[in-house]
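The primary structure of each chain is shown beneath.
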Amino acid sequence: MYAIVEIAGQQFKVSKDLKVYVHRLAVEEGAKVSFDKVLLLDDNGNVTLGAPAVEGASVEAKVLQHLKGDKVIIFKKKRRKGYKKKNGHRQSLTQIVIEGIVAGGATKKKATKKAEATEE
C-alpha cells in the first residue's frame, strides 16, 4: 500500500515505515502529525484518485528530528566585468517516519449508461 501525499507544498510517494525528509514543520521532535491532503491511494492494485484529494484518507507520521540539509553553493560571474558573487544556502529540513496510511474514503465507480437509463 502506498499513497501520494502533499506535505509542506511538495508531493511525496510514501508507504509504511518510510523515512522522508520534508521542509521544516512547526512541530517538536517526537510529536505525531497527520497529513490529510492525499492525492492518490493504492491498496494492492486498487487505485483511488482524489479530485483534488481523497475524502477521509490521511497519512500518519512521527517527527524524528529537525536538521539542516547539505550546503548548496551559488556562484554568479560575468566575464570580463570583474563581477563575482558567491553565496551559500542550507535548507531547514524535518525527518519524519510514516507510521500508517488510513484509507477512509471509498473508491468511486463510474456509472454506466445502462444504470443511468434505468434510473430515469
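Just above sits the structure.
Everything quoted here is computed from the prediction, not taken from an experiment.

**Q** Looking at this structure, I do not really get the packing of aromatic side chains. What am I missing?
**A** We describe a pair of aromatic rings using the distance from one ring centre to the other and the angle between the two ring planes. On inspection of all chains with the given rule, the structure shows zero aromatic pairs. Here the basic side chain of Lys13 rests over the ring of Tyr2, its NZ or CZ set 4.4 Å away from the ring centre.

**Q** Any chance you could explain unusual backbone geometry here in plain terms?
**A** Among all residues except glycine, the phi angle is most often negative; among peptide bonds, the trans geometry is most common. Pro52 follows Ala51 through a cis peptide bond whose omega is 0°. Inspection of the secondary structure puts Pro52 in the loop between β6 (46-49) and β7 (57-68). A positive phi is found at Ala8, a non-glycine position, where the angle reads about 55°. With respect to the helices and strands, Ala8 occurs in the loop between β1 (2-7) and β2 (10-15). Unlike most non-glycine residues, Asp17 shows phi in positive territory, near 65°. Its location among the elements puts Asp17 in the loop between β2 and β3 (19-23). Its relative accessible area of 58% is what places Asp17 among the exposed residues.

How each quantity is defined
Residues numbered from 1 in each chain as written. Predicted model: local features only at pLDDT ≥ 70, side-chain atom pairs only at ≥ 80, totals over all residues. Heavy atoms only, no water. Phe/Tyr/Trp six-rings, centres within 6.5 Å; stacked < 30°, edge-to-face > 60°. Lys NZ or Arg CZ within 6 Å of the ring centre and 35° of its normal. Helix = DSSP H or I, 4+ residues; strand = E, 2+ residues; numbered from the N terminus. Buried < 20%, exposed > 50% of the residue type's maximum accessible area, 1.4 Å probe, protein only.

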